[in-house]
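Notes for the structure review
If you want the building blocks of each chain, they are given just below.
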Amino acid sequence: MLIKVKFFARIREEMGRAEDQVEFRAGLTVSDVWQTTSGGKPMPDSLLVAVNMEHVKGDPELKEGDEVAFFPPVTGG
Amino acid sequence: MLIKVKFFARIREEMGRAEDQVEFRAGLTVSDVWQTTSGGKPMPDSLLVAVNMEHVKGDPELKEGDEVAFFPPVTGG
Amino acid sequence: MLIELRLAPFDALAEVKNYQALPANPGKIGAGCIFVGTMRDFNEGEEVRSMTLEHYPGMTEKHLEEICEQAENQWAVHDILLLHRTGDIEVGEDIVLVATWSAHRGDAIDATRFIIEDLKHRAPFWKKEAVKSGERWVDRNTAGYASS
Amino acid sequence: MLIELRLAPFDALAEVKNYQALPANPGKIGAGCIFVGTMRDFNEGEEVRSMTLEHYPGMTEKHLEEICEQAENQWAVHDILLLHRTGDIEVGEDIVLVATWSAHRGDAIDATRFIIEDLKHRAPFWKKEAVKSGERWVDRNTAGYASS
C-alpha cells in the first residue's frame, strides 16, 4: 500500500511536482515521508503538514492509505 | 433671555409637550429647569440630559441661550 | 464619508453598492465591514408588528458625526457610510447600516463594531413598538447577544 | 448555510442580496455582519498587479465547513454565507466574503470576525503575487491592522 503525498505553493515549486507516492511500512512517520520525497532536504521551519486533510503537529505515525500534504504558511482571505 | 427646553419619547408624552421655555437667571442648573417645567415631579433615575446637544452628567449650571433636553435611555440601531 | 438619517425605507446593500461605485481610495481598500440592523418581528419575548423611531433633530446628526470622527481617529479607515432610519418602520426593513473600508481587516471590523456599539448606547434615538396590546416605548436596548 | 469556492470573479454585495432573498428565518433576523476582502494594489510596501490563489481541493472546502460549524456552535447565528475566490485575481476584485445573520448584533459581528480570522490563519490558500520584478509567493498573511 502507498502513502499519497501532496505539495502546495512554494513547496510544490521547490519539489518540482505536485504529488508523489511513498511505500507504506509500519512505523512510517511524516518526517520519514518528507525525507524520502525530498531526497533528504531539511524540513523548513515554517512547513505545515496535513494528514488526511487535517492539520497535524509533531511527527505522527501514518496508517496505510493516508494522504500527507506539505505546504507553507497559509495566506488566504 | 430664555432657556429652550426639549422633551423626547416617553418623557415628551409624560410632559404632554415637546418643548418649553424657562426664564434664565444666574446660577440656574439643569435640575432647576426640570423642577420648573415638570411642576416639581421627581427626576426619573434613568433620565438623560443634553445641554446644547451634548450629553451632560450631574447638575451643571446653564448659560443664557442654552438648550436643555430631557429624554429616556436611547434605544436606536 | 456619508452620514444620513432616512425617513423612507432604504435597501442597505444597494446603498453600499452605490456608495462604493466611487471608492475614496481605489486599489487601497483591502477590507470592508458592513453591519446591517433589521427590524425583527419580536422583542423582549413579544411579537412586534411595527415601530416608530423618534430622534432629536440636530443632536442625532451631530452625535453620529462625532462617532464616525472618533472611529477615523482610532483606526486606519479610508471611508465610512452610516445610514439610520427614522419614523415608521415595518418588520424586515433595515434600521441601520454601518459600513467602513480600510486596507486591513482589523481596522474595518473594529471601526464598524465601535460605531454600532456607540450608536446603540449613546445616539439619541427612541423606539416605540406596536405590539398586540397596543404601543410601548422600548426602555432599554436589547443585549448584543441572544440570551443563552 | 452556503460555502463555495469560486474560480470566476464574484460581486460580494450581489451574492449577499441573492442569498438573502430567501432568509432562513424571516423576521427573526435583527443583525447581519458582512466582511468583504478585496484585492489591493499594494502589499508589503510594493505595487501588486495581480495574484493567483492556490488551494488544496478537498481540504480547503472541509476546513471552511469546519470553521462555519464552529461559529454556529459558539454563537446564535441563523445563517452563514462564505465565498472565496481561487485562481487568477485582478486588483479590485473580491477575494473573500463572510456574511452571518443573527437576532442580535454581537452574535453576527463575533461570528463573522471569528470566521475571517480562522480562515486567514488556518484555511489552506496560498497567494502568489505579480509584482514589477516578477512573481513572488506571499510568505505570511498581512497583519490585521495598518502599521502605525
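Check the entry above for the structure.
These remarks concern the structure in this document.

Bringing the relation of the copies chain D and chain C into the picture now. Superposing the two chain copies requires a rotation about an axis and a translation along that axis. Least-squares fitting of chain D to chain C yields an RMSD of 0.0 Å, with the superposition described by an axial translation of 0.0 Å and a rotation of 180°. Accordingly, the operation relating the two chain copies is best matched by a two-fold axis. Every residue of chain D has its C-alpha some distance from the rotation axis, and the shortest such distance is that of Ile-34 of chain D, at 2.5 Å. Looking at chain D, 100% of its interface residues are interface residues in chain C too, so the copies touch through the same face.

The next point concerns the interface of chain D and chain C. Many descriptions give the size of an interface as the accessible area lost when the pieces come together. Each partner contributes to the interface: chain D provides 42 residues, whereas chain C provides 42 residues. In this assembly, chain D packs against chain C so that about 3600 Å² is buried in total across both faces, 55% of it on carbon and sulfur atoms. For chain D, the biggest contributors to the area lost against chain C are Leu-13, His-104 and Arg-105 of chain D; these three give 21% of the whole. One can count eight salt bridges joining chain D with chain C. Put simply, Asp-110 of chain D and Arg-113 of chain C hold a salt bridge, and the shortest N to O gap is 2.5 Å. Our count for the chain D to chain C interface comes out at 27 residue pairs in polar contact (both at pLDDT 80 or more). For the side of chain D that touches chain C, the elements supplying multiple residues, two or more each, are helix H1 (12-20), strand S2 (31-38) and helix H3 (105-122) of chain D. No other element matches the ten residues that H3 of chain D contributes to the side of chain D that touches chain C. Split into classes, the residues belonging to the side of chain D that touches chain C amount to 20 nonpolar, eleven polar and eleven charged. For strand S2 (residues 31-38) of chain C and S2 of chain D, the ladder comprises seven bridges, and the chain directions are antiparallel.

The protein chains that touch form three pairs of chains, and the pair with the most contacts between them is chains C and D. The two units chain A and chain C are non-contacting; their minimal C-alpha-C-alpha distance is 10 Å.

Contact with chain C, which involves 27 residues of that partner, is made by 20 residues of chain B. Summing the contributions of chain C and of chain B, the shared interface buries around 2000 Å²; its carbon and sulfur component is 53%. Connecting chain C to chain B are four salt bridges. Across the pair Glu-54 of chain B and Lys-62 of chain C runs a salt bridge, and its minimum N-O distance is 2.4 Å. At the junction of chain C with chain B, the criterion picks out 15 residue pairs in polar contact (both at pLDDT 80 or more). Every element with two or more residues in the side of chain C that touches chain B is listed here: strand S4 (46-55), helix H2 (59-74), strand S7 (94-102), helix H3 (105-122) and strand S8 (125-131) of chain C.

With that settled, consider the sheet that holds strand S4 (residues 54-56) of chain B. Residue and element names in this part refer to chain B. With respect to topology, five strands assemble into an open sheet ordered S2-S1-S5-S3-S4, the strand pairing being mixed. The open sheet has two free edges, formed respectively by strand S2 (19-23) and S4, since each of these has just one partner strand. Strand after strand, the sheet turns through a mean of 30° between neighbouring axes, direction not considered. Looking at chain direction, strand S3 (residues 48-51) and strand S5 (residues 67-71) are connected through four bridges and run antiparallel. In the strand pairing of S5, Ala-50 is matched with Ala-69.

The rules behind these values
- Residues numbered from 1 in each chain as written.
- Chains lettered and ligands numbered in written order.
- Predicted model: local features only at pLDDT ≥ 70, side-chain atom pairs only at ≥ 80, totals over all residues.
- Heavy atoms only, no water.
- Least-squares fit on C-alpha atoms with pLDDT ≥ 70 in both.
- Contact = heavy atoms within 4.5 Å.
- Buried area = accessible area lost by both parts, 1.4 Å probe.
- Salt bridge = Lys/Arg side-chain N within 4 Å of Asp/Glu carboxyl O.
- Polar contact = N/O pair within 3.5 Å; in protein donor to acceptor, adjacent residues only side chain to side chain.
- Helix = DSSP H or I, 4+ residues; strand = E, 2+ residues; numbered from the N terminus.
- Nonpolar A, V, L, I, M, F, W, Y, C, P; charged D, E, K, R; others polar.
- Pairing = 2+ DSSP bridges.
- Axes fitted to C-alpha atoms, helices over the stretch in contact; angles between N-to-C directions.

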